[in-house]
Amino acid sequence: MTSTVSTGGAHAPSAPEFPMPRAAGCPFDPPPALKEEQEQGSLRKVRLWDGTTPWLVTRYTEQRALLSDPRTSADITRPGYPSSAPVRGSSFSFILMDDPEHARQRRMVTAPFTIKRVEAMRPAVQKIVDGLIDDMLAGPPQADLVQAFALPVPSLVICELLGVPYADHDFFQENSKTLISRSAAPEERGAAHANLIGYLDELMGDKIARPADDLLSGLGARVGAGELSRRQAAEMGVLLLLAGHETTANMIALGTLALLEHPDQLTLLRDSDDPKTVAGAVEELLRYLNITHGGRRRVAVEDIEIGGEVIRAGEGIIVPNDIGNRDPDVFADPDRLDIGRDARRHVAFGFGVHQCLGQPLARMELQVVYSTLYRRIPTLRLDAGLEDLSFKHDGSVYGVYELPVAW
Amino acid sequence: MKVILDQDKCVASGQCVVAADDVFDQDDDGIAVLLDPNPSSDRADDVEQAAAVCPALAIRILG
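Below: a short report on this structure. Remember, predicted model here, so these are calculated numbers, not experimental data.

We now examine the interface of chain A and chain B. The interface is formed by 18 residues belonging to chain A together with 24 residues belonging to chain B. When chain A packs against chain B, close to 1,700 Å² is buried across both sides, 47% of that on carbon and sulfur atoms. Counting the contacts that link chain A with chain B gives one salt bridge. Two residues, D25 of chain B and K116 of chain A, come together in a salt bridge whose shortest N-O distance is 2.8 Å. Our count for the contact surface shared by chain A and chain B stands at 11 residue pairs in polar contact (both at pLDDT 80 or more). Listing elements by their share of the side of chain A that touches chain B, those giving two or more residues are α4 (115-138) and α14 (359-376) of chain A. Of the residues assigned to the side of chain A that touches chain B, the class counts are five nonpolar, six polar and seven charged.

Okay, the packing of helix α9 (residues 215-224) of chain A against helix α10 (residues 230-261) of chain A next. The relative placement of two packed helices is expressed as an angle between their axes plus a distance between the axes. Residue and element names in this part refer to chain A. Viewed as axis vectors pointing N to C, α9 and α10 meet at an angle of 160°, and their least axial separation amounts to 9 Å. For the element pair α9 / α10, the angle class is roughly antiparallel. Between α9 and α10 lies a crossing whose hand is right-handed. Each of L215, L216, L219 and V223 in α9 lies in contact with α10, whose residues at this interface are R230, A233, M236, G237 and L240.

This next bit is on the sheet that holds strand β5 (residues 296-300) of chain A. Where strands meet in a sheet, backbone hydrogen bonds hold them as pairs that are either parallel or antiparallel. All names here are of chain A. The strand order across the open sheet built from five strands is β1-β2-β8-β5-β3, with neighbouring strands paired in mixed fashion. Edge strands, defined here as strands with exactly one partner in the open sheet, are β1 (43-45) and β3 (72-73). Relative to strand β8 (residues 316-319), β5 runs antiparallel, the two sharing four bridges. Note on β8: the bridge partner recorded for R298 is I317.

All names here are of chain A. Inspection of every chain in the model, using the stated rule, returns six aromatic pairs over all chains. Seen from their ring centres, Y60 and F331 are 5.9 Å apart, and the 90° between their planes marks the pair as edge-to-face. On the criterion of sequence distance, the pair formed by Y60 in helix α2 (residues 60-67) and F331 in the loop between α13 (321-324) and α14 is long-range, its members being 271 residues apart. This pair shows no difference in class: Y60 is buried, exactly as F331 is. What links up through ring pairs into an aromatic cluster is the set F171, F172 and Y199. A cation sits over an aromatic face here: R22 above Y398, 3.5 Å from the ring centre. Across from the ring centre of Y401, 5.5 Å away, lies the NZ or CZ of K392, which sits over that ring.

The rules behind these values
Residues numbered from 1 in each chain as written. Chains lettered and ligands numbered in written order. Predicted model: local features only at pLDDT ≥ 70, side-chain atom pairs only at ≥ 80, totals over all residues. Heavy atoms only, no water. Contact = heavy atoms within 4.5 Å. Buried area = accessible area lost by both parts, 1.4 Å probe. Salt bridge = Lys/Arg side-chain N within 4 Å of Asp/Glu carboxyl O. Polar contact = N/O pair within 3.5 Å; in protein donor to acceptor, adjacent residues only side chain to side chain. Helix = DSSP H or I, 4+ residues; strand = E, 2+ residues; numbered from the N terminus. Nonpolar A, V, L, I, M, F, W, Y, C, P; charged D, E, K, R; others polar. Axes fitted to C-alpha atoms, helices over the stretch in contact; angles between N-to-C directions. Parallel < 35°, antiparallel > 145°, perpendicular 65-115°, else oblique. Left-handed = near helix turned anticlockwise from the far one by under 90°. Pairing = 2+ DSSP bridges. Phe/Tyr/Trp six-rings, centres within 6.5 Å; stacked < 30°, edge-to-face > 60°. Buried < 20%, exposed > 50% of the residue type's maximum accessible area, 1.4 Å probe, protein only. Lys NZ or Arg CZ within 6 Å of the ring centre and 35° of its normal.

Printed below as a string of structure tokens:
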């Protein structure tokens with residue numbers, strides 16, 4: 001018996017495992033094996049935890065093309081979908097659905113993320129950031145930046161926007177951590193998901209009974225109007241709560257670490273009064289760090305000819321944005337952190353109809369943070385060796401667990 | 001130059017507004033609105049940026 005029957009790709013029999021490990025001592029760079037795959041060609045086959053061999057798309061151009069191609073599906077329940085863990089349950093938020101249902105649900109929550117509404121929140125975010133820095137400066141001159149600053153900033157903002165009591169943050173942060181951890185057992189992740197759904201469902205009941213001027217109350221009204229089931233509303237709440245703090249928190253802590261390790265870039269950022277310099281630095285740090293490192297997942301619904309290969313209907317597709325953002329054909333000297341470059345076309349937020357809904361808010365929060373923290377604490381320094389830090393290799397969002405700093 | 005916007009495709013990312021706020025705006029739900037379908041040529045870089053970063057490929061530029 002032979003096992004060399006091709007499944008649409010010439011590389012399948014020796015397909016490397018995905019995800020791949022990063023190199024020790026290089027916390028900001030994508031895995032070297034991923035870089036090697038990119039050098040070999042744009043479309044490669046990889047092997048997942050369950051033995052399936054989906055396509056890995058490594059070049060920027062093909063990544064954008066496939067993520068915006070209607071012949072690809074984000075529906076996790078379709079056969080061939082390259083899931084990162086066993087698929088649980090039967091109800092999912094709209095990021096794992098296709099249009100038109102995806103578009104219908106997504107449009108219910110786009111209003112708070114318009115540029116005008118986000119800009120209107122800037123003074124409130126500035127106040128949150130300044131208040132947390134005041135607290136840091138009032139205590140001893142050292143802290144874990146993750147707990148003292150990076151996590152509270154986006155948590156306070158998203159709680160305010162959604163109408164979630166911040167007092168409950170220990171509960172939902174603990175469960176969020178388990179839910180997105182690759183090393184947690186499936187039962188543990190299932191329990192964490194059930195906890196979060198239960199919490200949001202109860203909160204949704206309060207919002208329906210006593211509506212306020214927040215996003216969850218808006219969803220509650222849609223449940224009342226029959227546009228959304230209460231379960232769907234709770235799923236959306238979990239998605240927004242999770243996406244709203246995990247990602248930005250990691251960009252704050254890991255971004256700060258990257259800047260402390262590149263003091264020339266930190267000085268450029270700190271010494272500039274130009275909001276465009278700050279905005280540019282945010283884009284470059286998003287490109288360079290690309291914290292969503294598990295790869296966007298899709299399955300082909302028709303045959304797609306691309307990058308010299310044919311992706312057959314039913315084959316899985318993985319798009320790791322981190323390596324796309326290091327494509328030397330698009331970003332010169334891509335492994336160099338250069339806050340002066342024009343990095344705005346990066347794919348850190350994904351691309352296509354599923355691109356991150358909260359990106360205007362994330363960008364604004366990061367602009368406020370990066371233009372305030374290092375100026376108000378100019379002597380901020382790492383209070384540990386780089387080799388002593390523990391990085392989130394096992395999660396779907398990359399970052400650092402703790403960031404000891406002193407000033 | 002002539003700009004064409006397909007509002008049915010728009011996913012409300014708002015990135016066109018960030019790139020060129022004199023050419024694009026958003027309605028209350030974030031759907032892009034074309035303020036100026038014939039921007040002058042000195043706006044070319046920003047409008048091309050808007051089209052390039054639009055995740056839904058909803059912006060086309062002619063000429």
